[in-house]
Amino acid sequence: MSVLVTGIGELATNDVTVDGGRPRTDDHRDPTGLLGLVDDAALVIEGGVIAWVGAAGDAPAADTAYDAGGRAVIPGYVDSHSHLVFSGDRAQEFAARMTGEPYSAGGIRTTVAATRAATDEQLMSHVARLVAEMRAQGTTSLEIKSGYGLTVHDEARSLAVARQFTEDTTFLGAHVVPDDTDPDDYVALVTGPMLTAGAPHARWIDVFCEDGAFDVDQARAILAAGAEHGLRGRLHANQLTYGGGVKLAAELGLVAVDHCTYLADDDVSALVESGTIATLLPGVEFSTRQPYPDARALLDAGVRVALASDCNPGSCFTSSMALCIALAVREMGMRPAEALYAATAMGAQALDRADVGVIAPGRRADLVVLDAPSYLHLAYRPGVPLVTGVWQGGRPVAPLS
Ligand SMILES: [Zn+2]
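Everything quoted here is computed from the prediction, not taken from an experiment.

Chemist: Please provide a residue-by-residue account of the sheet that holds strand β9 (residues 169-174), values included.
Modeler: Across a sheet, strands are paired by hydrogen bonds formed along the backbone, either parallel or antiparallel in direction. Read across the open sheet, the seven strands follow the order β8-β9-β10-β11-β12-β13-β14; overall the sheet is parallel. Edge positions in the sheet fall to β8 (144-145) and β14 (305-307), since each has one partner strand and no second. Here strand β13 (residues 277-280) pairs with β14 via three bridges, running parallel. In the sheet register, Ala 278 faces β14, and the bridge partner there is Val 305.

Chemist: Account for helix α4 (residues 152-163), naming residues and giving values.
Modeler: When the terminal C-alpha atoms of α4 are compared, their 17 Å separation across 12 residues agrees well with the 16 Å that a helix rising 1.5 Å per residue should span. Here α4 has its buried residues at Asp 154, Glu 155, Ala 156, Arg 157, Ser 158, Leu 159, Val 161 and Ala 162.

Chemist: An account of the coordination of the zinc ion is requested, with residue identities and associated values reported.
Modeler: For the zinc ion, the full set of protein donor atoms is His 81 (NE2), His 83 (NE2), His 236 (NE2) and Asp 310 (OD), and the range of their distances to it is 2.0 to 2.4 Å. Spacing between the donor residues of the zinc ion along their common chain follows H-x1-H-x152-H-x73-D. Residue His 81 is located in the loop between β6 (77-79) and α1 (91-98), and its partner Asp 310 is located in the loop between β14 and α12 (321-332); the two are separated by 229 residues in the primary sequence. The pair formed by His 81 and Asp 310 is uniform in burial state, with each residue classed as buried.

Chemist: Quick rundown of the packing of α12 against helix α13 (residues 336-343)? Include the residues and the values.
Modeler: As a packed pair, α12 and α13 sit with axes 9 Å apart at the nearest point and diverge in direction by 145°. The chirality of how α12 crosses α13 is right-handed. In this structure, α12 uses Met 321, Ile 325, Ala 328 and Val 329 to contact α13, whose residues at the interface are Pro 336, Ala 339, Leu 340 and Ala 343. A breakdown of the residues in the contact of α12 with α13 according to their chemical character gives eight nonpolar, no polar and no charged.

Chemist: Before we move on, can you summarise the pattern of salt bridges with the specific residues and values?
Modeler: Evaluation of the coordinates by the stated rule reveals 22 salt bridges. The shortest N-O distance in the salt bridge between Arg 129 and Glu 133 comes to 3.9 Å. Pair noted here: Arg 129 and Glu 133 are both in helix α3 (residues 120-136), with a separation of four residues, about one helical turn. What makes Arg 129 partly exposed here is its relative accessible area of 45%. The partly exposed category is assigned to Glu 133, whose relative accessible area is 32%. A salt bridge links Glu 338 to Arg 296; the shortest N-O distance between them is 2.8 Å. Residue Glu 338 is found in helix α13, and its partner Arg 296 is found in helix α11 (residues 295-301); the two are separated by 42 residues along the sequence. Relative accessible area serves as the criterion here: at 8%, Glu 338 is assigned to the buried category.

About the cut-offs
Residues numbered from 1 in each chain as written. Predicted model: local features only at pLDDT ≥ 70, side-chain atom pairs only at ≥ 80, totals over all residues. Heavy atoms only, no water. Pairing = 2+ DSSP bridges. Helix = DSSP H or I, 4+ residues; strand = E, 2+ residues; numbered from the N terminus. Expected span 1.5 Å × (residues − 1). Buried < 20%, exposed > 50% of the residue type's maximum accessible area, 1.4 Å probe, protein only. Donors = N, O, S within 2.8 Å, 3.2 Å for Na, K, Ca; no water. Axes fitted to C-alpha atoms, helices over the stretch in contact; angles between N-to-C directions. Left-handed = near helix turned anticlockwise from the far one by under 90°. Contact = heavy atoms within 4.5 Å. Nonpolar A, V, L, I, M, F, W, Y, C, P; charged D, E, K, R; others polar. Salt bridge = Lys/Arg side-chain N within 4 Å of Asp/Glu carboxyl O.

Without other data, these values stay purely geometric and don't point to any function.
So, in structure tokens, the structure goes:
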């Protein structure tokens, strides 16, 4: 059964080759020409994918129709960095931080204790609730990491839970060294039995490469072990301090390196050379009062930039990609078009996903209807719930009005 979505006032396709689309160098909506905007647009969904995109006047017939009433439609967000498998909350720690206490990587251990104590059913229902929360806000693809179990059993079950919700699961046994554990022994565990138990449920492997977590040599060894199990690498790097994590990611040709807050000039040039995507997580800086990464400098240097939520109970408990866009525009010098593209098309590239992030024939029909005439309202009206409808794989998953 085919569905014609018509009456789209402004369609952001992320595809400049789309029929009727063109770079908008004549207004402020898409000066870089990234978004492939089509005004007065329509599209057809069939078999879960986009079958046709173009001007409403040229639309073919379909079995049923939905009239967007002049509202804007964007691709579903691709949130390429989240830590949803956990139990407990750290609202008290947040409150303490807001009264002046600094953020440190060690707070992770609080969540580890709560996560280990939770049943499988509790973890599953908690993740389901957060995924539903994300979907209602327009996120239609996401990555989920383990990393709050830190035992062979708890990491494997965290990944098995995450796998119920996404193909893009990431083994993050190397999140922090558990209490009373020798760091070398722990790296041996992560690269040995824990990896063997987690790998069947994971697509990616990640390391928190930071002072207080894992150093560059440890990260290199852990990523190499993951590769032997068929897991592709990603890194948390340069979040709290300058360090060698970003250069390691570039050297290894990783698809993405995440945080990138403290970068030296040679980190930036390494990212340009390798093409590794810098995934910026501005919700973290917002929630920890750390300085924001310099997205403008990265983009001007030619670095590929994605935006993601980093939804987690410690440093950033938001699931809102719209908030990330607003922060990227307001605090990090990104143009609105760059921020939307980073939260959709670049998120997909950061997960090496060719099927999502773009509205074009053959792509998965992941669409978000905004109660606004333009996607610009995502940053222009921060904090306002603008999502009025979501299709995921051609299926309505949030109320369409
Ligand atoms: Zn993270």
